[in-house]
Amino acid sequence: MQEQGWGRARVLEALKATRDEDYTFVDGEILGSMCTAPHEIAVAAHAQFLETNLGDPGHFPGTARLEVEVLADLAALFHAPQGAAGRIVSGGTEANLLACLLAKAATGKSQVVLPASAHFSFEKAARLMELDLVHVPVGRDGRADVEAMTKAVGPKTALMVAVAGTTELGLVDPIEPLAWFCQENKLRLHVDAAYGGYLLPFLADAGRTPVPFDFSLPGVWSLSADPHKGGMATIPAGALLVRDGHAWDAIAVASPYLSTRTQSTLLGTRPGAPVAAAWAVHRHLGRAGFASVAETCLDNAAYLAAKLRGLGVEMVAAPELAVVTFRHRDPSALQQRLQGHGFRVNLVTRMGAVRIVVNPHVSRATLDRFLKALPACL
Ligand SMILES: Cc1ncc(COP(=O)(O)O)c(C=O)c1O
């Protein structure tokens, strides 16, 4: 740290110059991220709640109520039954870690059966909790292979995982048969809807065929969804809901000097600002608003995929949600060339592919600019 402090203007100028080095969502530069530009009302709400700490909610009863209300919205959206309970967490990773911790605490077992397409956050869970991860190869369609998943289960299994919107392809696993299997075999099923959680509930409103994925399936034990992805809240905001709310007691840690008796999230000090942001977007958009955003994203993804096919580009899988992943003989070189045109796409190295996530900030105009630049880069 330098000896003397800088004036305010100098600090802010330095920060502005630094921020200008970053790419942005709003200018349509970032095309491969699971996150998106926070909604304008989320930004305003976040600014109002900057000092709030949900780790010590006695000081912030208003903010604590917002958490309860966001969770109630999500419980209703995902058809959670009476008695379910959730927590707002820092994102999809914390939600997956907690789902594993809850299952391990409830069963005393440490094996997790999951499709090979599951997010790498489970690797972190495995390291932290000494879990035995059984990665099951996906089927030819890129989704969890039901038969192979059920065969992988054994007496040591604490948890099965299914993904509702995979990170690489945006595919939804066949959750219904997996949930029935788990129900019949008294096994816990965690649905990772970090990405799909704000799209799947609106498929019917968006003119698509609904896909069962949530607590309406009796075998679904827990479900995560990220307000800081499709919920257009500010970072960091994830959510984990558990069918049997009492399950949280098993991982609760006494927090003696705070205004709660216990905590059961990984974070201690927990930001209230993104929770206020999520609440603001929920109230401002309502179901109809989210459905309209979902429809636009799905339509734009279908548009992009059709145009890419027209250019002779091969999709890894037909887009189910709003992830468009296509093969290229040299994805890194393509990524570099696109960056030269101001577009940041992500690599899916193990598939020799490039990924675009058609999130709310990715407009039709942006896609048209991208499609104009693409042929010279291919
Ligand atoms: C399916 C899925 N689960 C979990 C995560 C992790 O979420 P986060 O990066 O918010 O921790 C992601 C991130 O992209 C994801 O796609």
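Draft legend 1. Representation of the domain arrangement of the protein chain in the model. As far as domains go, the protein chain holds domain 1 (11–39 + 286–377) and domain 2 (42–281). Using only C-alpha atoms to locate each centre, domain 1 and domain 2 end up separated by 26 Å. On the side of domain 2, 35 residues touch domain 1, which itself brings 30 residues to the contact. Counting the surface lost from both domain 1 and domain 2, the interface buries some 2800 Å², and carbon and sulfur atoms represent 66% of this. As a salt-bridge pair, Asp-299 and Arg-208 come within 2.9 Å of each other at their nearest N and O atoms.

Draft legend 2. Inspection of the sheet that holds strand S6 (residues 220–225) at higher detail. Strand order in the open sheet formed by seven strands is S1-S7-S6-S5-S4-S2-S3, and the pairing between neighbours is mixed. Strands at the two margins of the open sheet, each flanked by one partner only, are strand S1 (85–89) and strand S3 (132–136). On average, adjacent strands in this sheet sit at an angle of 20° to one another, irrespective of strand direction. In this structure, strand S5 (residues 189–193) lies alongside S6, joined through five bridges in parallel fashion. Each bridged residue has a counterpart across the sheet, and for His-190 the counterpart in S6 is Ser-222.

Draft legend 3. The arrangement of the site of the ligand in detail. The ligand sits among 13 residues. The nearest are Thr-93, Thr-167, Asp-192, His-228 and Lys-229. Separating an oxygen atom of the ligand from a side-chain N or O atom of Thr-93 is a distance of 2.6 Å. Contact with the protein chains covers 84% of the free accessible surface of the ligand, which is 390 Å². Looking at the shell around the ligand, the element that brings in the most residues is helix H4 (residues 92–107), giving three residues. Along the lines of polarity and charge, the residues of the shell around the ligand split into two nonpolar, eight polar and three charged.

Draft legend 4. Seen up close, helix H3 (residues 61–77). Its 17 residues give H3 an end-to-end C-alpha distance of 24 Å, which sits within 8% of 24 Å, the value for a rise of 1.5 Å per residue. Considering only its buried residues, H3 is in contact with S1, strand S7 (238–242) and helix H8 (273–310). Looking one or two places after H3, you find His-79, whose phi comes out positive at around 55°.

Draft legend 5. Representation of the nonpolar core within the structure. In this structure, Phe-78, Ile-175, Leu-189, Leu-304, Leu-308, Val-358 and Phe-370 are the most contacted members of the largest nonpolar core, which totals 89 residues. By residue number, the principal contributor to this core is H8, which donates 17 residues. Of the residues that make up this core, three or more belong to each of domain 1 (11–39 + 286–377) and domain 2 (42–281). Counting residues in each nonpolar core, the second largest holds 27 residues, with Ala-95, Leu-98, Ala-126 and Ala-247 among its members.

Draft legend 6. Representation of the packing of H3 against H8. Taken N-terminus to C-terminus, the directions of H3 and H8 make an angle of 45°; their axes are 9 Å apart at the nearest point. The orientation of H3 with respect to H8, classified from their angle, is oblique. Of the two elements, H3 crosses H8, and the hand of that crossing is left-handed. Residues Leu-66, Glu-67, Glu-69, Val-70, Asp-73, Leu-74 and Leu-77 of H3 pack against Val-275, Ala-276, Ala-278, Trp-279, His-282, Arg-283 and Arg-287 of H8.

Draft legend 7. View of the packing of aromatic side chains. Tallied over the full model, the rule gives four aromatic pairs. Where Phe-202 meets Phe-290, the ring centres are 5.9 Å apart and the plane angle is 10°; that geometry is what we call stacked. In this pair, Phe-202 sits in the loop between S5 and S6 while Phe-290 sits in helix H8, placing the two residues 88 residues apart along the sequence. Taking relative accessible area as the criterion, Phe-290 reaches 6% and is therefore assigned buried. One aromatic cluster is present, formed by Tyr-198, Phe-202 and Phe-290 through successive ring pairs. Against the face of Trp-6 rests Arg-10, its NZ or CZ located 3.8 Å from the ring centre. Taking NZ or CZ as reference, Arg-364 lies 4.0 Å from the ring centre of Tyr-303, over its face.

Draft legend 8. Molecular detail of the sheet that holds strand S12 (residues 353–357). With antiparallel pairing, three strands are arranged side by side in an open sheet as S10-S12-S11. The sheet terminates laterally at strand S10 (323–327) and strand S11 (346–348), the two strands that pair on one side only. Across the sheet, the axes of successive neighbouring strands diverge by a mean angle of 35°, strand direction being ignored. Direction of pairing for S11 relative to S12: antiparallel, over a ladder of three bridges. Within the sheet, the bridge partner assigned to Asn-346 lies in S12 and is Arg-355. Sheet contacts for helix H9 (residues 331–340): S10, S11 and S12; angle to S11, the most-contacted strand, approximately 170°.

Draft legend 9. Quick look at the pattern of salt bridges. Tallied over the entire structure, the rule returns 14 salt bridges. Across the pair Arg-143 and Asp-141 runs a salt bridge whose closest N-O atoms are separated by 3.5 Å. The exposure class of Asp-141 is partly exposed, given its relative accessible area of 43%. In this structure, Arg-350 engages Glu-168 in a salt bridge whose closest nitrogen and oxygen atoms are separated by 2.7 Å.

What counts and how
Residues numbered from 1 in each chain as written. Predicted model: local features only at pLDDT ≥ 70, side-chain atom pairs only at ≥ 80, totals over all residues. Heavy atoms only, no water. Domains from an automatic or database assignment. Contact = heavy atoms within 4.5 Å. Buried area = accessible area lost by both parts, 1.4 Å probe. Salt bridge = Lys/Arg side-chain N within 4 Å of Asp/Glu carboxyl O. Pairing = 2+ DSSP bridges. Helix = DSSP H or I, 4+ residues; strand = E, 2+ residues; numbered from the N terminus. Axes fitted to C-alpha atoms, helices over the stretch in contact; angles between N-to-C directions. Near = heavy atom within 4 Å. Polar contact = N/O pair within 3.5 Å; in protein donor to acceptor, adjacent residues only side chain to side chain. Areas by Shrake-Rupley, 256 points an atom, 1.4 Å probe, with all protein chains shown as cover. Nonpolar A, V, L, I, M, F, W, Y, C, P; charged D, E, K, R; others polar. Expected span 1.5 Å × (residues − 1). Core = buried A, V, L, I, M, F, W, Y, C linked by side-chain atoms within 4.5 Å. Buried < 20%, exposed > 50% of the residue type's maximum accessible area, 1.4 Å probe, protein only. Parallel < 35°, antiparallel > 145°, perpendicular 65-115°, else oblique. Left-handed = near helix turned anticlockwise from the far one by under 90°. Phe/Tyr/Trp six-rings, centres within 6.5 Å; stacked < 30°, edge-to-face > 60°. Lys NZ or Arg CZ within 6 Å of the ring centre and 35° of its normal.

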